[in-house]
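Inside the fold
Here are the chains, one letter per residue:
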Amino acid sequence: MSAARRAVPGDAEELVRLRKVMLDAMSPSDDVRWQPLTAETLRARLADPDGELTAFVVDAPDGRPGLAACAAGTVNHSLGSPGNPTGTSGHVFNVCTDPVHRRRGYSRACVEALLDWYRAHGVARVDLFATAAGEPLYAALGFERTPAPSMRLTL
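What this report covers is the structure whose coordinates are included nearby.

Notes on the overall build of the protein chain
Tallying secondary structure elements over the protein chain gives 4 helices and 5 strands in all. The helix and strand sequence of the protein chain, counted from the amino end, reads β-α-α-β-β-β-α-β-α. If you line up the protein chain on its principal axes, its C-alpha atoms span 45 × 40 × 35 Å. The buried share of the protein chain, taken over its 155 residues, is 39%. Relative to all contacts within the protein chain whose residues are 6 or more apart in sequence, the contacts with residues 24 or more apart total 62%. For the protein chain, the computed accessible surface area is about 9600 Å², with 56% contributed by carbon and sulfur atoms. Averaging the positions of the 17 positive and the 18 negative side-chain charges in the protein chain gives two centres separated by 4 Å.

Have a look at this one:
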């Protein structure tokens, strides 16, 4: 298995490609209008080595172009609470392995690298939204279901 590396701005288009793979697995869509802006945003945010958004990737094996897998995350700041006195938390998202590279531990390597990054930044609580397919990986890494339901308002 290849080791995960921290993503660089040049990985932005591949990260967007894998994001589309992930999103289509949950809810297929032909809408790709979001992709150029997302790639631009990623290039800018990945260029900041001290930024609070990062991604870890595994390159496609055997010298093939592109990425095999990725996991992204942000550091979020809120007010403290009993379970999180600093109010700082991490949010994992965009975990995806290209279908031709699955079942090789690539997503695990990316998420583990991301968790190490959180530890190095003093983030002690990390949240994510898991699909049924992803839940076994996250449970194996120590994530647990929480009682807090999620709600959303689109403005």
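Concerning the nonpolar core
One finds V92, V111, L114, Y118, V126 and Y138 to be the most contacted residues of the largest nonpolar core, which totals 23 residues. Sort the elements by how many residues they give to this core and helix α3 (residues 106-120) lands first, with 9 residues. In contact with L114, other than residues within four places in its own chain, are T54, F56, A71, A72, G73 and V92. With 16 residues, the next largest nonpolar core counts A7, A12, L15 and L42 among its residues.

Brief notes about the packing of aromatic side chains
Counted according to the given criterion, the structure contains 2 aromatic pairs. Geometrically, the ring pair formed by Y138 and F143 is edge-to-face, given 5.9 Å between the ring centres and 75° between the ring planes.

Topic: unusual backbone geometry
Peptide bonds are trans in most cases, and residues, glycine excluded, mostly fall at negative phi. Residue N94 is not a glycine yet carries a positive backbone phi of 60°. Residue placement: N94 occurs in strand β4 (residues 88-97). We classify N94 as buried; its relative accessible area is 6%. Although it is not a glycine, R103 sits at a positive phi angle of roughly 70°. For R103, the position within the fold is in the loop between β4 and α3. You can call R103 exposed: its relative accessible area is 84%.

Calculation criteria
- Residues numbered from 1 in each chain as written.
- Predicted model: local features only at pLDDT ≥ 70, side-chain atom pairs only at ≥ 80, totals over all residues.
- Heavy atoms only, no water.
- Helix = DSSP H or I, 4+ residues; strand = E, 2+ residues; numbered from the N terminus.
- Buried < 20%, exposed > 50% of the residue type's maximum accessible area, 1.4 Å probe, protein only.
- Contact = heavy atoms within 4.5 Å.
- Areas by Shrake-Rupley, 256 points an atom, 1.4 Å probe, with all protein chains shown as cover.
- Lys, Arg positive; Asp, Glu negative; His and termini not counted.
- Charge placed at Lys NZ, Arg CZ, Asp CG, Glu CD.
- Core = buried A, V, L, I, M, F, W, Y, C linked by side-chain atoms within 4.5 Å.
- Phe/Tyr/Trp six-rings, centres within 6.5 Å; stacked < 30°, edge-to-face > 60°.

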